[in-house]
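# Overview (structure and organization)
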Amino acid sequence: MNYFRQLKMAVLGSGDEAGSALDRNNRIAVFLFAILPGLSPNFNSFILLASMVWGIYCLATGRLALNLSKSDRLVAIGMSIYPLVMIASIFINPPYSEVSDWIFRLLPFFSVWLILPRMRQSPDGRLVPLFILGAGIGMIVTFLFSLLQIMFLMDRAEAGTSNAALLGVIGILFGGIALLNIQSPRSVEQRIAILGYAAGLGCVLLSGTRSAWLVIPIHIVIFLWYFRKHSFHLSLRSLAITSALLLAGLITLGSGQILHRIQALQENLTSLERTDGEITSLSARFALYKGALSAISKDPLTGYGPQNRMASVLAELPDNIRPQLPYSHVHNGFLTAGIDAGVFGIAALSLMLLTPVIGALRKEAGPGRDLAIALALLLVSSYVITGSFGIMFNQKALDPIFAYLVALICADRGSTRFAPVVRS
């Protein structure tokens, strides 16, 4: 309990002067943002929006300067091109009844300009470890919530996200981020790192998000690269025993969901050979992909605008299939961008996905650069792999998470060394 009292002081420490007050507010915002995604994604949107509004106020009144480096500006521009292309597509393609709603949804992608100068008011190396620790704590609480849902309420866990697939994306991403804290010299933070990663995998299994299962081996490769360069303080024997016990527990808890989802996939594959018109999860995706490719081929330059997304896809499908596909996207982020804004949309999306990697690679060499690269690779691989079979962007939780993490990746210098959150 002494550690958590110290953690409270590290997060809520006094901020009497203007600079220290901004640092304290940064700590609170970053810590909450890391904890909340699986519990209440709406709060993440609120934190990002509040940070943007406060950033505008501080920049307008001169309390903050737009102290962005050349690399920061490159990242911010790369992030901004995607929403600008989408907004252009909205105005090119009528009707305009939902213009304000779509523009509001795209605002998170402009946030790097506003929240990065604010993050820079905190000392180097303070916010990223706090975010990593918060991710571990958040995943542990989210897993317990998910476990209760599976035991008493539903077949696939959703935690506080209202969407099982969304929980799978959050679980694999934030569980992976949590494991980076295994390099902390504090034993409590090491335990939170291991438990947070196991909890994230538990959320993935209990949510039944099969696309998130594909991310696991990619993340393992990233961990092997990062920890090979930066030693951690646990003994290999202790790590092996702990990992084996947690793996056995996860398999025991999630075996039913794993078998159920594998069986469902087998049934879906079998149904593809039938001609009775039954629509399954898998056949629906194939139909959406086929419709999207056909629509993109007819208007490859400007697309149809996000407001006309599904109407343009369904128009390419047989009449008997349309009523059975009540979706808002085509379960592939790249095809969705192509429908919305043609090849320019796909190019802008690809550039935006590269921005965290660009921001990390352009830092000077050092431990801060390696940590930023690891965070960027965890982020991009999670979005690209899961987004190729489901949700990628245009979602109340995933858009703010991506934008906030991009700003956080840019915040520290490459020479910044990792330090535990509680340092005393």
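Look up: the structure comes first, before these words.
A few points on the structure.

Reading the values: the criteria
- Residues numbered from 1 in each chain as written.
- Predicted model: local features only at pLDDT ≥ 70, side-chain atom pairs only at ≥ 80, totals over all residues.
- Heavy atoms only, no water.
- Helix = DSSP H or I, 4+ residues; strand = E, 2+ residues; numbered from the N terminus.
- Buried < 20%, exposed > 50% of the residue type's maximum accessible area, 1.4 Å probe, protein only.
- Contact = heavy atoms within 4.5 Å.
- Areas by Shrake-Rupley, 256 points an atom, 1.4 Å probe, with all protein chains shown as cover.
- Core = buried A, V, L, I, M, F, W, Y, C linked by side-chain atoms within 4.5 Å.
- Patch = residues over 30% accessible without salt bridge, like charges linked within 9 Å, V, L, I, M, F, W, Y side chains within 5 Å.
- Salt bridge = Lys/Arg side-chain N within 4 Å of Asp/Glu carboxyl O.
- Expected span 1.5 Å × (residues − 1).
- Arc of directions from axis to C-beta.

### Looking at the overall build of the protein
- For the protein, the count of helices and strands is 17 helices and zero strands.
- Put simply, the protein has 424 residues, and 55% of those count as buried.
- Expressed as a percentage of contacts within the protein between residues at least 6 apart in sequence, the contacts between residues at least 24 apart total 78%.
- Just so you have it, the protein exposes about 18300 Å², and 66% of that area is on carbon and sulfur atoms.

### Focus on the nonpolar core
- Counting residues in hydrophobic clusters, the biggest one holds 99 residues, and the most contacted among them are Phe131, Leu180, Tyr383 and Phe393.
- Looking at which element gives the most residues to this core, the answer is helix 17 (residues 398-411), with twelve residues.
- With residues up to four places along the chain from it excluded, the contact list for Phe393 reads Tyr82, Phe109, Leu349, Met352, Leu353, Tyr383, Leu398, Asp399 and Phe402.
- Membership of the second largest hydrophobic core comes to 17 residues, among which are Ala284, Leu288, Ile321 and Val330.

### Some thoughts on a nonpolar patch on the surface
- Among the surface-exposed residues, Leu148, Met151, Phe152 and Leu153 lie close enough to one another that they form a single nonpolar patch of about 490 Å² accessible area.
- Structurally, Leu153 is set in the loop between helix 7 (127-152) and helix 8 (164-179).

### Comments concerning helix 3 (residues 41-61)
- For helix 3, which comprises 21 residues, the first-to-last C-alpha distance of 31 Å matches the rise-based estimate of 30 Å (1.5 Å per residue) to within 8%.
- Every buried residue of helix 3 is accounted for by Pro41, Asn44, Ile47, Leu48, Ser51, Met52, Gly55 and Cys58. Buried residues of helix 3, seen end-on, are gathered within an arc of 135° and therefore sit on one face of the element. Residues Phe46, Val53 and Ala60 are exposed on helix 3 and point more than 90 degrees away from its buried face.
- Gly62 sits one or two residues past helix 3 and shows a positive phi near 85°.

### Observations regarding unusual backbone geometry
- Between Pro94 and the following residue, Pro95, the backbone shows a cis peptide bond with an omega angle of 5°.
- Along the chain, Pro95 falls in the loop between helix 4 (70-92) and helix 5 (99-106).
- Its identity is not glycine, yet Ser162 carries a phi of approximately 65°, on the positive side.
- The topology assignment puts Ser162 in the loop between helix 7 and helix 8.
- On the basis of relative accessibility, which here comes to 53%, the residue Ser162 falls in the exposed class.

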